[in-house]
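Descriptive analysis of the structure
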Amino acid sequence: MQTQSVFQFNQSSNVRTFADEKGEYWFLANDVCSILGYSNPRDAISKHCKNKGVAKRDTPTQSGKQEMTYINEPNLYRLIIKSRKPEAAAFEEWVMEEVLPTIRKTGSYIINNKL
């Protein structure tokens, strides 16, 4: 079964994800591209991502299910590395030092609500 989750970056940006049957996480390309400053996600994915790590998936939205593009972990790194937006450094740190190590250690990433 594939599990859908929403990770929150900097308390203002959400990254929708799902874990596939192998337990590997896939990240909604539009969410990632928005955080990294790519104005044209389709173009960014075409230029920087490898096809085998790009997949379409029905995703619940406010207006119903829509087919959206997800990228795997290696393609997430590719988009981070190619971004020139200053916020990319903070996003990279969050992904590589908090999200992915937590997933590897515990099998999931749960948002810590700090008051």
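That block above? That's the structure.
Structure report, in brief.

1. Topic: the packing of aromatic side chains
Here the structure, examined in full by the defined rule, presents six aromatic pairs. Centroid distance phenylalanine 18 to tryptophan 26: 6.2 Å. Interplanar angle 10°. Geometry classified as stacked. For the pair phenylalanine 18 and tryptophan 26, one class covers both residues: buried. Ring centres 5.7 Å apart and planes at 40° place the aromatic pair phenylalanine 91 and tryptophan 94 in the tilted group. Highlighted residues: phenylalanine 91 and tryptophan 94, both in helix 4 (residues 87–106), separated by three residues, approximately one helical turn. Tryptophan 94 matches phenylalanine 91 in its accessibility class, with the two residues each being buried.

2. Focus on the layout of surface pockets
Empty space within the second largest pocket amounts to approximately 240 Å³. Around the second largest pocket, the lining residues are Leu28, Asn30, Pro41, Arg42, Ile45, Ser46, Asn51, Val54, Lys56, Glu67, Met68 and Thr69. Mapped by element, the contributors of at least two residues to the lining of the second largest pocket are helix 2 (41–48), strand 4 (54–61) and strand 5 (64–72). Looking at which element gives the most residues to the lining of the second largest pocket, the answer is helix 2, with four residues. Classifying every residue of the lining of the second largest pocket by side-chain character gives five nonpolar, four polar and three charged.

3. Details of helix 4
Its 20 residues give helix 4 an end-to-end C-alpha distance of 27 Å, which sits within 8% of 28 Å, the value for a rise of 1.5 Å per residue. When the local axis directions of helix 4 are compared, the greatest deviation, roughly 35°, occurs at valine 95. Among the residues of helix 4, those classed as buried are Ala88, Phe91, Trp94, Val95, Val99, Leu100 and Ile103. Just downstream of helix 4, glycine 107 is the residue with a positive phi angle, here 90°.

4. Quick look at the pattern of salt bridges
The full count for this structure, using the stated rule, is two salt bridges. For the salt bridge of aspartate 31 with arginine 16, the shortest nitrogen-to-oxygen distance reads 2.8 Å. Pair noted here: aspartate 31 is in helix 1 (residues 29–36) and arginine 16 is in strand 2 (residues 13–19), with a separation of 15 residues, a long-range link. Take arginine 16: its relative accessible area is 23%, and that puts it in the partly exposed class. Between aspartate 43 and lysine 47 there is a salt bridge, and its shortest N-O distance comes to 3.2 Å. Pair noted here: aspartate 43 and lysine 47 are both in helix 2, with a separation of four residues, about one helical turn.

Reading guide: rules and limits
- Chains are numbered independently. Their residues run from 1 in the order of the written sequence.
- Local features in a predicted model are, by the rule used here, given only for residues with pLDDT of at least 70; side-chain atom pairs are given and counted only at 80 or more, and totals for whole chains, interfaces and linings are based on all residues.
- The side-chain quantities take in all heavy atoms of the structure and omit both hydrogens and water.
- Between rings of Phe, Tyr and Trp, where Trp is taken as its six-membered ring, a pair exists when centres lie within 6.5 Å; planes separated by under 30 degrees are stacked, by over 60 edge-to-face, and by other angles tilted.
- With a 1.4 Å probe rolled over the protein chains alone, any residue whose accessible area is under 20% of its type maximum counts as buried; one over 50% counts as exposed, and the rest are partly exposed.
- We count a stretch as a helix when DSSP gives it H or I for four or more residues in a row; a strand needs E for two or more, and each element gets its number in order from the N terminus.
- Think of a 1 Å grid over the protein atoms and nothing else: a 1.4 Å probe that fits but is trapped marks a cavity, an open set flanked by protein within 12 Å on at least five of seven lines marks a pocket, and residues with an atom within 4 Å of a point count as lining.
- Grid points are joined across faces, edges and corners, and a volume is the space filled by probe spheres set on the points.
- Each residue is assigned to one of three groups, with Ala, Val, Leu, Ile, Met, Phe, Trp, Tyr, Cys and Pro labelled nonpolar, Asp, Glu, Lys and Arg labelled charged, and all others, Gly among them, labelled polar.
- Residue count minus one, scaled by 1.5 Å, sets the expected span of a helix.
- Think of it this way: the bend at a residue is just the angle between two axes, each fitted to seven residues, one set ending at that residue and the other starting at it.
- Any Lys or Arg side-chain nitrogen located within 4 Å of an Asp or Glu carboxyl oxygen qualifies as a salt bridge.

By themselves, these observations are geometric and do not establish any function.
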